[in-house]
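Residues per chain, in single letters:
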Amino acid sequence: MSSKNTPIIRIENLVKEFRIGFFRKRVQAVRGLSLEVQPGEIFGFLGPNGAGKTTTIKVLNGLIFPSQGKAELFGMSANDIRAKSKVGFLPEHPYFYEYLTGFEFLDFYGRLFGLSRSIRPARVERLLEQVGLSTARDIPLRKYSKGMIQRVGIAQALINDPDLVILDEPMSGLDPIGRKEVRDIIFNLKDHGKTVFLSSHILQDVEMICDRVAILIKGQLRKLGTLAELLGEHSGHETELTVSGLPKMTNEQIRNMAKRVVIPGNRLTVVLDEQGLQEAMQLLLREGGKIESLVPLKGTLEDLFVQQVQSPEAE
Ligand SMILES: Nc1ncnc2c1ncn2[C@@H]1O[C@H](COP(=O)(O)OP(=O)(O)OP(=O)(O)O)[C@@H](O)[C@H]1O
Ligand SMILES: [Mg+2]
């Protein structure tokens, strides 16, 4: 059972195997995954297509069962009805009854969760407000834009006032405004003490909102940590230097010291590693020239992701 220090999600050595095709060939979608999510975290679950994210999320929601290992929510089995009642879920491909209005749709889900008639209307109105759909409450879902559908889907995931919200690609197909709205909703959940577990391919969003991320590749955990940890370790301590007014020779020397030349020419921009930077600075002190800018480069989550997906480490 849960106590104060119990993680909200605990996945231990999770293996999920499917059997496919006529010969019932085994495929392992998840291969020995372990991770924990702590109360109040926004946790990003990343990985390329087919990595096993949705499969893991289905196990967490009790929709499919582990082949091996375990998945716990609030210190209980993910299949425990008491755990399920504290979870809200936005599936990857939600199916909605498109002839219902936003209000009717949420009211319907409220009934499914056994919310009494006396509290349902107020709860639904509050959720519509929270996701910015109050003015669309009486419009049928088939007239909703993609962004509105995604938001009503999130509202649906919140109908039971869950402590843990699991969102499978909540930003998919949204324009920049829609993505910002979804980010704001997620921040707001965190402010209210909720824990959020989300999968996404939109790494800028993940970088903006997640406290910690896991990168899953071919069903195995490749990286896990805070963004600062993962990006710090990935940065490689590079600096981008822009100089102007150098003699041709010196310009050439600096280009040779660089890891790469961003913009060649009289106003030169290069990326240097630590040693290259030292050498370039000494040269500049001797030869003159104007330093236009000097910017330490931080790795992006995208760089890290691409590097991890391309490296054969987990084979
Ligand atoms: N019901 C199933 N039967 C057979 N194979 C399955 C089943 N569900 C998933 N798989 C396989 O398991 C692997 C992982 O799929 P999953 O949907 O979990 O990936 P994902 O990380 O969510 O990918 P995406 O980013 O594309 O959503 C894939 O190879 C997929 O084909
Ligand atoms: Mg998926």
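Quantities reported herein were computed from a predicted structural model and do not represent experimental measurements. (Residues numbered from 1 in each chain as written. Chains lettered and ligands numbered in written order. Predicted model: local features only at pLDDT ≥ 70, side-chain atom pairs only at ≥ 80, totals over all residues.)

Close contact between helix 3 (residues 102-112) and helix 4 (residues 120-130) brings their axes to 9 Å; oriented N to C, the two are set at 125°. One way to sum up the angle between helix 3 and helix 4 is to call them oblique. Note on packing geometry: the crossing formed by helix 3 with helix 4 is right-handed. Residue-level inspection shows G102, F103, L106, D107 and G110 of helix 3 in contact with helix 4, the latter providing R120, R123, V124, L127 and L128. Grouping the constituent residues of the contact of helix 3 with helix 4 by class yields five nonpolar, two polar and three charged. (Axes fitted to C-alpha atoms, helices over the stretch in contact; angles between N-to-C directions. Helix = DSSP H or I, 4+ residues; strand = E, 2+ residues; numbered from the N terminus. Parallel < 35°, antiparallel > 145°, perpendicular 65-115°, else oblique. Left-handed = near helix turned anticlockwise from the far one by under 90°. Contact = placed C-beta atoms within 7 Å. Nonpolar A, V, L, I, M, F, W, Y, C, P; charged D, E, K, R; others polar.)

Moving on, we get to the site of ligand 1. Near ligand 1 there are 13 residues, and of these F18, A29, K53, T54 and T55 occur at the shortest range. Secondary structure elements with two or more residues in the shell around ligand 1: strand 1 (9-20), strand 2 (25-37) and helix 1 (53-60). It is helix 1 that contributes the most residues to the shell around ligand 1, three residues altogether. Here the residues of the shell around ligand 1 are counted per class, giving five nonpolar, six polar and two charged. (Near = placed C-beta within 6 Å.)

On to helix 6 (residues 176-191). Compared with the 22 Å implied by 1.5 Å per residue over 16 residues, the 22 Å span of helix 6 between its first and last C-alpha is a close match. Of the positions making up helix 6, those classed as buried are R179, E181, V182, I185, I186 and L189. Projected down its long axis, helix 6 carries its buried residues within an arc of 160°, all on one side. Residues of helix 6 that are exposed and point more than 90 degrees away from the buried face comprise P176, I177, N188 and D191. Lining the buried residues of helix 6 we find strand 3 (42-46), helix 4, helix 5 (146-157), strand 7 (164-168), strand 8 (195-199) and helix 7 (203-209). Positioned one or two residues after helix 6, G193 has a phi angle of 80°, which is positive. (Expected span 1.5 Å × (residues − 1). Buried ≥ 20, exposed ≤ 12 C-beta atoms within 10 Å, placed from the backbone. Arc of directions from axis to C-beta.)

Okay, helix 11 (residues 301-310) next. Every buried residue of helix 11 is accounted for by L301, L304, F305 and Q308. Relative to the axis of helix 11, the buried residues are bounded by an arc of 100° and lie together on one face. Among the exposed residues of helix 11, those pointing more than 90 degrees away from its buried face are E302, Q307 and Q310.

Strand order in the open sheet formed by four strands is 2-1-4-5, with antiparallel pairing between adjacent strands. Only two strands of the sheet have a single neighbouring strand rather than two, namely strand 2 and strand 5 (76-77). Two strands pair when backbone bridges link them, and strand 4 (residues 68-73) and strand 5 are joined in this way by two bridges, in the antiparallel orientation. Each residue of the ladder has a partner; that of E72, found in strand 5, is S77. Seen against the sheet, helix 1 touches strand 1, strand 2 and strand 4 and runs at an angle of roughly 115° to strand 1. (Pairing = 2+ DSSP bridges.)

Membership of the largest hydrophobic core comes to 67 residues, with the highest contact counts inside it found for L73, L106, I166, V196, F197 and L216. At five residues, the largest contribution of residues to this core is made by strand 9 (residues 212-217). L246, I254, V270 and L272 belong to the second largest nonpolar core, which has nine residues in total. (Core = buried A, V, L, I, M, F, W, Y, C linked by C-beta atoms within 7 Å.)

Next up on the list: the sheet that holds strand 8. With mixed pairing, the six strands of this open sheet are ordered in space as 6-7-8-3-9-10. The sheet is open, and its two borders are formed by strand 6 (87-90) and strand 10 (220-226), each paired with just one other strand. Pairs of neighbouring strands in the sheet enclose a mean axial angle of 15°, with direction left out of account. As paired elements, strand 3 and strand 9 share four bridges and run parallel to each other.

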